Amino acid sequence: MKKITIILILLFVNCTDMIIDDDSYKSIILSGGTWIEFENSDVTNFLNGDFSLQLWVSGMYDESNDAKILFSIINENDNSIELGLLRNTSLNNALDIYINGTAQSTIENNDLNWSAVSFNLITITSDKSDDGSNTSIIKVFVNDQEMYTSNPTSINIGNANLIIGARVNSLQTYADNFWVGLIDEIRFWNFTLNQSEIQFHINNPSKINTSSGCSDSQYLTLTTCESQGGTWTGIYSDDKLSN
């Protein structure tokens, strides 16, 4: 079984504005000038292999028309975006995906409404090729809908950090495109989630593993349960998401 790394809290925050603790939402509000930073040394092994990044995220009303970034990995030489998702500046229900410094596609989805508090699950997956080409297939899901699939592409992570809510270089001499909105959870997996697994997360937003279990409680996965004569019940039984 593959190891799962799940990050449920904000680990590194660099800001010129303070994060606001709003009891109305029980979430972190990024109000401009604020971002969440995962250092390269902590995530590079994940980013260079298969991974999935999930964010329960919302926009909120903001008068500016800046291209606000949901997440980014940038080129340290010129601050271009190696991989990132940006709020589209013209469409209130759209994201732009950037790969290797170039806008690849505008992703429109009617579930999105960046001007209001409305949470959606955004999932970005990277499926590494096994043919030695050092390329990956990047996919973007909005809730359980697969909205974008890249051609095989090679992304240069280098010494870049993973940034949530802005475009920032590792020396913090460049910081721009701050997200304005709320983030409820960040989940980081070192494998590629499939659509049925993402569907489970939509149906069970507070759960990250199986929603039920075995008739014999000592067995924690579908495989071991059934091999020992038990009966597995519940709507989800992926061994990777078991206890």
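K.L.:
If you had to explain the environment of Gly101 to someone new, which residues and values would you point to?
P.N.:
Mapped onto the elements of the fold, Gly101 is located in the loop between strand 8 (94-99) and strand 9 (102-108). Taking the relative accessible area as the measure of exposure, Gly101 reaches 34% and is therefore partly exposed. The spatial distance from the C-alpha of Gly101 to the C-alpha of Asn75 is 8.2 Å, given a sequence separation of 26 residues. With near-sequence residues (within four places) excluded, Gly101 lies in contact with Ser80, Ile81 and Glu82.

K.L.:
So what about the pairing of strand 4 (residues 34-38)? Which residues, and what values?
P.N.:
Each regular strand displays side chains that alternate between the two surfaces of the sheet. Burial of strand 4 is extensive: five of the five residues sit out of reach of the surface. Burial of strand 4 is two-sided: the residues Thr34, Ile36 and Phe38 facing one way and the residues Trp35 and Glu37 facing the other way are all buried. As paired strands, strand 4 and strand 13 (residues 162-164) are joined by three bridges and run antiparallel to one another. Residue Ile36 lies in a different strand from strand 13, and its bridge partner there is Ile164.

K.L.:
Account for the pairing of strand 6 (residues 69-74), with residues named and values stated.
P.N.:
Judged by how many residues are buried, strand 6 sits mostly within the fold: six of six residues are covered. In terms of strand pairing, strand 6 meets strand 7 (residues 81-87) through five bridges, oriented antiparallel. Bridge assignment links Ile74 to a residue of strand 7, and that residue is Ile81. The turn linking strand 6 back onto strand 7 is made up of six residues, and Asn79 within it adopts a positive phi angle of 65°. Bridge count for strand 6 against strand 13 is two bridges, and the pairing is antiparallel. Within strand 13, the position partnered with Ser72 by the bridge is Ile163.

K.L.:
Provide a residue-level description of the nonpolar core, including the pertinent values.
P.N.:
For soluble globular proteins, the rule of thumb is that nonpolar side chains tend to be buried together. Judged by nonpolar contacts, the single largest core of 36 residues is most densely connected at Leu53, Leu85, Ile122 and Ile164. The element that contributes the greatest number of residues to this core is strand 5 (residues 51-59), accounting for four residues. The contact partners of Ile122, leaving out residues within four places of it in the chain, are Leu53, Gln54, Leu55, Val57, Leu70, Leu85, Leu95, Leu112, Phe141 and Val142. In terms of nonpolar packing, the next biggest core, distinct from the first, is built from seven residues, Leu121, Phe141, Leu193 and Ile198 among them.

K.L.:
Could you give me a rundown of unusual backbone geometry, with the residues and numbers involved?
P.N.:
The residue Asn79 is not glycine, and still its phi comes out positive at about 65°. Owing to a relative accessible area of 16%, Asn79 belongs among the buried residues under this scheme. The backbone phi angle of Asn134 is positive, close to 60°, even though this residue is not glycine. Relative to the assigned elements, Asn134 resides in the loop between strand 10 (120-128) and strand 11 (136-142).

K.L.:
Which residues make up the side chain of Ser52, and what are the values?
P.N.:
By secondary structure assignment, the location of Ser52 is in strand 5. A relative accessible area of 0% means that Ser52 is categorised as buried. A distance of 2.8 Å separates a polar atom in the side chain of Ser52 from the backbone oxygen of Phe191. Not counting chain neighbours up to four residues away, the residues in contact with Ser52 comprise Ile124, Thr125, Arg187, Phe188, Trp189, Phe191, Thr192 and Leu193.

K.L.:
For the packing of aromatic side chains, give the residues involved together with the corresponding values.
P.N.:
Each aromatic ring pair is specified by the distance between its two centres and by the angle formed by the two planes. Taken as a whole and assessed by the stated rule, the structure comprises five aromatic pairs. With a centroid separation of 6.1 Å and 20° between ring planes, the pair formed by Trp35 and Phe178 is classed as stacked. Here Phe178 lies in the loop between strand 15 (175-176) and strand 16 (180-189) and Trp35 lies in strand 4, a separation of 143 residues in the sequence. Here Trp35 falls in the buried class, since its relative accessible area comes to 5%. Residue classification places Phe178 among the partly exposed positions, given a relative accessible area of 23%.

Thresholds applied
Residues numbered from 1 in each chain as written. Predicted model: local features only at pLDDT ≥ 70, side-chain atom pairs only at ≥ 80, totals over all residues. Heavy atoms only, no water. Helix = DSSP H or I, 4+ residues; strand = E, 2+ residues; numbered from the N terminus. Buried < 20%, exposed > 50% of the residue type's maximum accessible area, 1.4 Å probe, protein only. Contact = heavy atoms within 4.5 Å. Pairing = 2+ DSSP bridges. Core = buried A, V, L, I, M, F, W, Y, C linked by side-chain atoms within 4.5 Å. Polar contact = N/O pair within 3.5 Å; in protein donor to acceptor, adjacent residues only side chain to side chain. Phe/Tyr/Trp six-rings, centres within 6.5 Å; stacked < 30°, edge-to-face > 60°.

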